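The lines below spell out each chain.
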Amino acid sequence: MTAPATAVRCTYREAIRAALREALLADERVFLLGEDVGPYGGGHGVSLGLYEEFGPERIRDAPLSENGFTGAGIGAALGGMRPIVEIMTVNFSLLALDQIVNNAATLLHMTGGQLSVPLVIRMTTGGGRQLAAQHSHSLEGWYAHIPGIRVLAPATVADARGMLAAALADPDPVVIFEHGGLYNVEGELPADAGAVDIERAAIRRAGTDVTVIAYGGTVPTALAAADVLAAEGVEAEVVDLRTLRPLDDATLLGSVIRTHHAVVVDEGWSSVGLAAEVSARIAEQAFYDLDAPVARVSTLDVPIPYPRHLEQAALPSVDRIVAAARATVGSS
Amino acid sequence: MSEGNGSTDFCMPALGADMEKGTLLEWYVKPGDPVHRGQVIADVDTEKSAIEVEVWTDGIVDEICVPEGAEVPVGTVLARLRPAVPSAVAPAAPAAPAKVPPQAAPRVQPKVQPPARPRVQPPTRPAVPGAMSAAPRVRSSPLVRRRAAQAGIDLAAIPGTGPGGAVVSADLERALAGTHPQSAHQQAHQPAPEPVPEPAAERTPRPRARRSPTADGMRESIARLMTRSKREIPHYYLSTTIDVGPALAWLRERNAGLEVTERLLPVALLLKATALAASEYPDMNGHYVDGRHHPAPTVRLGVPVALRSGGLVTPIVDAAEQLSVFDLNRRLRDVATRARQGALRASDLAEPTLSVTNLGDQGVEAVFGVIYPPQVALVGFGAVSERPWAHDGLLGVRPLVTATLAADHRVSDGHRGGLFLTAVAERLAHPEEL
C-alpha cells in the first residue's frame, strides 16, 4: 500500500462518475447502457462527460424500453462483456422485472452453473424530491426478495465510489440502488479510493443504548436522529446495512445483542418490507437479548404524495426515528 | 373462580357471550369483610348496563386487586378471598385439645386472627390494572426473563417502568442493586415513574355508581354479536299462527281473583309453552360450541328487554320449564323492571340456552329474529290480535298470535323446527296444563 494521497471532497454523484470512469478505463469489456446516458449525461447527470471521453460504442443510449435494454445487457454479459445498465428510477425498473427476475437471477441455477450473468444494474431510488408517486418509491425490498442477485445500497460517498468496482468483479448480477436524495451530498474521499467490501454492513456510529438500522437514503437521517438522542443521553448505534441481499446478520445482530433495543428504518413501506425482514431476523436470532419490542420506522403505507409537507410526513424522519428510539428505551 | 392455597380468586365475570371486558364501578366490600355465597359485592359496568355481581363462595375479602373505575378483561382477578375461619372453632381449639382427632396430622394453625395471607405481596409493587394485574403473567422483556431466570429472581416482585409497564433490564438492575426507581441515569432523561399510578385519575369522568351504559358501547356490542350470528349461523325460519283464545280465556278466569301485581301476563303463558316444548326438543335448546351442539339439561330462557335509552339487555328465566306460570310471571316482572333500572345482577345474565323475543307490544305481527350465538334457536312472538280465523268449518274472529322460529340449520332441520313450533301451539291450546 502506498501512502494515502490527499483526500478530496466530492459529491455522491461525482463519486459514482469517477467509479464509472475508472471501470471503463480498466476493462474494455465494460460499457454503459441506458436512457439518455450519452450526450445528455444521464437522467441524474451521473454520466455527464463520459460520452465525450469514451464515445457512443461504450456509452450507449437506449430506447425507452427497460425490458428490452436490460435484456440486451443480460445477453452482452452472457457473451463475455461487462455491461452496466442504468435504469432511471426503480419505478421504471418494474418494466424490466421479467428480464431481471426471470433471466438474470435464474440462469446460473437453470444451467447447472454453466452460465453466469456478470451484469451490473444501477438505478435511482427514493423520495423526498417532490417527483410524485411514479418516480419516488423505494422498492429495494422487492429486489432483496429475489435469490440470484446481490443488492447494494450505497449510503456514503465512499460506498458510491467503491461499490461499482466490487459489483463488476462479482460474476453474478448485482443491482445497485442510488438514492436520488444523496446525489448532491458531499463527502471526503481519499484520492486513491477504490473498491470496497460488499459483504458486510457497517457501524456508522457506535452507541450503547439502542441500535438504529438503516440503509441508503435513511442512513443520514438515522445519524441525525442519533445526534438528537445523544443530546438526551441516549447513545444510538447506527448500522448501515449496505448490502440488502444477502443481509449481514452478524453485524446487525451483534449490535442488537449489545444494545438490547432495535429500531429499523426503511424508506420502503412497512408492510411485508425490508424492515419486516430485519425485524424477523432479530426476533428469530436475538429474542433473548431484546429488552423491548423491535420498532420500525418506515414510509407510511401510501403512494408517495406530491405536496412537500405530505411527502415529508410520509417518509421516515428524524423526529419519527427519535420518537421510536425513545419509546423503545423507555425514555419517552 | 380458581382456588389455590385456600384462597379464592373473584374474577371479572362474562356477563353475556359478547362481553370481553368490564369496568369495576363500585366495591360494596373492603378487605377484611366477610362475604357469603350469593352476596352482591361489586357493581360492574359492561357495554350494556351496570350489573351487580355476586360472589359464589363464603369467605373473607383478603385483597381488592382492581380499583374502582378500572376497566379490565373478563377473567381478571378482581379480589382474593380467604376461607372464613368459623369463629366458634378457632377460640375453642386451645380450650378443647382433646377434640382433635388423633390421626390428624399436626397442623400449624395460625393463632392470631386473621390468618396470614396466603401470598405475600411485595409492598413495592404498584397496582397497574391495565397492564400487570390484567394478565396473570408479568409483562417483561425477553432479556429480563433470561437474566432473571439466571439470577433466580421472581419478576412479580419488580415494578416495571418499560413500555406498557413491562419489566425491562433497567428495572431488574435496580432490583438487584436494591435501589428505588430513580437512579441518576434514569433521572437524566426519563420522567420518574409515579410510585403508585392511579388509573382512575387518567380516565375521563369516573363512572359513579349506576349510570346508563353508553349507547355507543351497547350498539357496538350488539353489532359484534349480531354480525357474528349472521356470519356463522345458517338460519332457517318457520312461522305458524296460533289461536290463543283458550289460553286467554283461562288467563282471564285465573286473573279475576288476583291482585293487579300478581296477575298473569299473556307472555308468561307464551314463555312457559315455549320452555316446555324446548325441553321436548333439545336441538332447540343449548349451545353450539366447538363445532357441535351441546344440548342444555334445563331451559334457561333469555328474554330481551328493550331499554328506553336504546339497545337491549337479555336477562334470563332459569329452569323455565319447571317454574309454575305464576313463578315465571313474577320472575319476568322482576327482571324486566330491574333491567330497565339498570339493576341487573350477574346471575340475571347467565348464558341463556334459548331466547324468546316478544315484539307484540309494538303491534307487529311477526318477528324473524337473529339467533344469539352460541344459542341454536330463537323464538319470536308478535302481537296478540283479533283476526278472522276459520275453525271447525266456520269463520270467526279469534285472538291470534304469530309464533316464529329462527333456528340453526347446523343443529336441526326444518322438520324438527316444525315439530317444535307445533308443540308450542299445542301447549297453548291446553293452558290448564301449563
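Going along each chain's sequence as written, the residues are numbered from 1 onward. Each chain takes a letter, starting from A, and each ligand takes a number, starting from 1, following the order in which they are written. Two thresholds apply to this predicted model, a pLDDT of at least 70 for residue-level local features and 80 or more for giving and counting side-chain atom pairs, whereas whole-chain, interface and lining totals are computed over all residues.

> Can you help me understand the overall build of chain B in this one?
The secondary structure content of chain B amounts to 11 helices and 21 strands. By the convention adopted here, residues make contact when the C-beta atoms placed from their backbones lie within 7 Å. When contacts within chain B are restricted to residue pairs at least 6 apart in sequence, those whose partners lie at least 24 apart make up 65%. Counting from the N terminus, the helices are DSSP H or I runs at least four residues long and the strands are E runs at least two residues long.

> When you look at the environment of T124 of chain A in this model, what are you seeing that I'm missing?
Residue and element names in this part refer to chain A. With respect to the element layout, T124 can be found in strand 5 (residues 120–125). Counts of 20 or more other C-beta atoms within 10 Å of a residue's own C-beta define buried residues, counts of 12 or fewer define exposed ones, and intermediate counts define partly exposed ones; C-beta atoms are placed from the backbone. Classification of T124 as buried rests on a count of 27 C-beta atoms within 10 Å. Among residues more than four places away in sequence, those in contact with T124 are H44, M88, T89, V90, E178 and G180.

> Where do I start with the confidence of the model for chain B in this structure?
The predicted coordinates ought not to be read in detail in places where the model reports low pLDDT. Residues and elements named next belong to chain B. Residues with a pLDDT of 70 or more make up 77% of chain B, whose mean pLDDT is 77. A low-confidence stretch, residues 87–136 (pLDDT under 50), is modelled with 48 contacts involving residues beyond four sequence positions or located in other chains. Here residues 180–213 scores under 50 on pLDDT; set against residues more than four positions off or in separate chains, the count is 53 contacts. In the predicted assembly, ipTM is 0.73 and pTM is 0.52. For every residue, the pLDDT score states the predictor's confidence, bounded by 0 at the bottom and 100 at the top.

> Sorry, what's going on with the sheet that holds strand 11 (residues 236–240) of chain A here?
Strand pairing in a sheet relies on backbone hydrogen bonds, with the paired strands running either antiparallel or parallel. Residue and element names in this part refer to chain A. DSSP calls a pair of strands paired once it identifies at least 2 bridges connecting them. Spatially, five strands are ordered 9-11-10-13-14 in an open sheet, and the strand pairing comes out mixed. Each end of this open sheet is capped by a strand with a single partner; those strands are strand 9 (202–205) and strand 14 (295–299). Averaged over all neighbouring strand pairs, the angle between strand axes comes to 25°, with direction disregarded. The strands touched by helix 11 (residues 274–286) are strand 10 (210–214), strand 13 (262–269) and strand 14; relative to strand 13, the strand with the most contacts, the crossing angle is about 155°. To obtain an axis, a line is fitted to C-alpha atoms, over the contacting stretch when the element is a helix, and the angle between two such axes runs from 0 to 180 degrees between their N-to-C directions.

> Explain the sheet that holds strand 8 (residues 71–73) of chain B to me, please; I cannot follow it from the model alone.
Read across the open sheet, the five strands follow the order 8-3-5-6-17 (chain B); overall the sheet is mixed. Edge positions in the sheet fall to strand 8 and strand 17 (344–345) of chain B, since each has one partner strand and no second.

> Can you walk me through the packing of helix 3 (residues 142–151) of chain B against helix 4 (residues 169–177) of chain B in this structure?
Any two packed helices are characterised by the angle at which their axes cross and by the distance between the axes. Residue and element names in this part refer to chain B. The interhelical angle for the contact between helix 3 and helix 4, taken along N-to-C directions, is 25°, at an axis separation of 9 Å. Classified by the angle between their axes, helix 3 and helix 4 sit roughly parallel to one another. Touching L143, V144, R147, A148 and A151 of helix 3 are S169, L172 and L176, all from helix 4. Residue type decides the class: Asp, Glu, Lys and Arg count as charged, Ala, Val, Leu, Ile, Met, Phe, Trp, Tyr, Cys and Pro as nonpolar, and the leftover types, Gly among them, as polar. Looking at the contact of helix 3 with helix 4 residue by residue, the class counts come to six nonpolar, one polar and one charged. Small angles under 35 degrees read as roughly parallel and large ones over 145 as roughly antiparallel, with 65 to 115 read as roughly perpendicular and the rest as oblique.

> How should the packing of helix 3 (residues 66–78) of chain A against helix 5 (residues 97–104) of chain A be read in this particular structure?
Residue and element names in this part refer to chain A. Across the interface, helix 3 lies against helix 5 with an axial gap of 8 Å and an inter-helix angle of 30°. Here helix 3 lies roughly parallel to helix 5, going by the angle between them. Residues N67, T70, G71 and I74 of helix 3 form the contact with helix 5, whose own contacting residues are D98, Q99, I100, N103 and A104.

> Honestly, the interface of chain B and chain A in this entry has me stumped. Any pointers?
Accessible area lost upon the coming together of the parts is a frequently used measure of interface size. Taken together, the 13 residues of chain B in the interface contact 13 residues of chain A. At the level of elements, helix 3 and helix 5 (184–189) of chain B are the ones that each hand at least two residues to the side of chain B that touches chain A. Broken down by element, the side of chain B that touches chain A gets its largest block of residues, four residues, from helix 3 of chain B. Tallied by class, residues from the side of chain B that touches chain A come to six nonpolar, six polar and one charged.

> Honestly, the nonpolar core in this entry has me stumped. Any pointers?
The nonpolar side chains of a soluble globular protein tend to be buried, and buried together. With 110 residues, the main nonpolar core has L164, A167, V212, I213, V263, I321 and A325 of chain A as its most contacted residues. With eight residues, helix 8 (residues 157–169) of chain A is the single largest residue contributor to this core. Among residues more than four places away in sequence, those in contact with L164 of chain A are I16, A19, L20, A23, V120 and I176 of chain A. Core analysis: the second largest hydrophobic core is formed by 72 residues, I41, L332, L378 and L405 of chain B among them. Defined on buried residues, the nonpolar core groups Ala, Val, Leu, Ile, Met, Phe, Trp, Tyr and Cys residues joined through C-beta atoms within 7 Å.

> How should unusual backbone geometry be read in this particular structure?
The amide bond that connects R245 of chain A to the next residue, P246 of chain A, takes the cis arrangement and shows omega of -5°. You can see P246 of chain A is positioned in the loop between strand 12 (243–245) and helix 10 (249–259). For the peptide bond that leads from P373 of chain B to P374 of chain B, omega is 5°, which places it in the cis range. Inspection of the secondary structure puts P374 of chain B in the loop between strand 18 (354–358) and strand 19 (377–381). One non-glycine residue, A319 of chain B, adopts positive backbone phi at about 50°. With respect to the secondary-structure elements, A319 of chain B resides in the loop between strand 16 (316–317) and helix 10 (325–341). By the C-beta count within 10 Å, which is 16 here, A319 of chain B ends up partly exposed.

> How should I be thinking about helix 11 of chain A in this particular structure?
Because the α-helix completes a turn every 3.6 residues, residues three or four places apart line up on one side. The terminal C-alpha atoms of helix 11 of chain A lie 17 Å apart, and with 13 residues this matches the ideal 18 Å at 1.5 Å per residue to within 8%. Against helix 7 (140–144), strand 10, strand 12, helix 10, strand 13 and strand 14 of chain A lie the buried residues of helix 11 of chain A. Expected span, for any helix, means 1.5 Å times one less than how many residues it has.

> Is there a simple way to think about the pairing of strand 6 (residues 50–54) of chain B in this case?
Residues in a regular strand point their side chains to alternate faces of the sheet. All names here are of chain B. Counted residue by residue, strand 6 has four buried out of five residues, so it is predominantly covered. Sheet analysis places strand 5 (residues 40–45) next to strand 6, joined by five bridges and oriented antiparallel. Paired with V44 across the two strands is I51, which belongs to strand 6.

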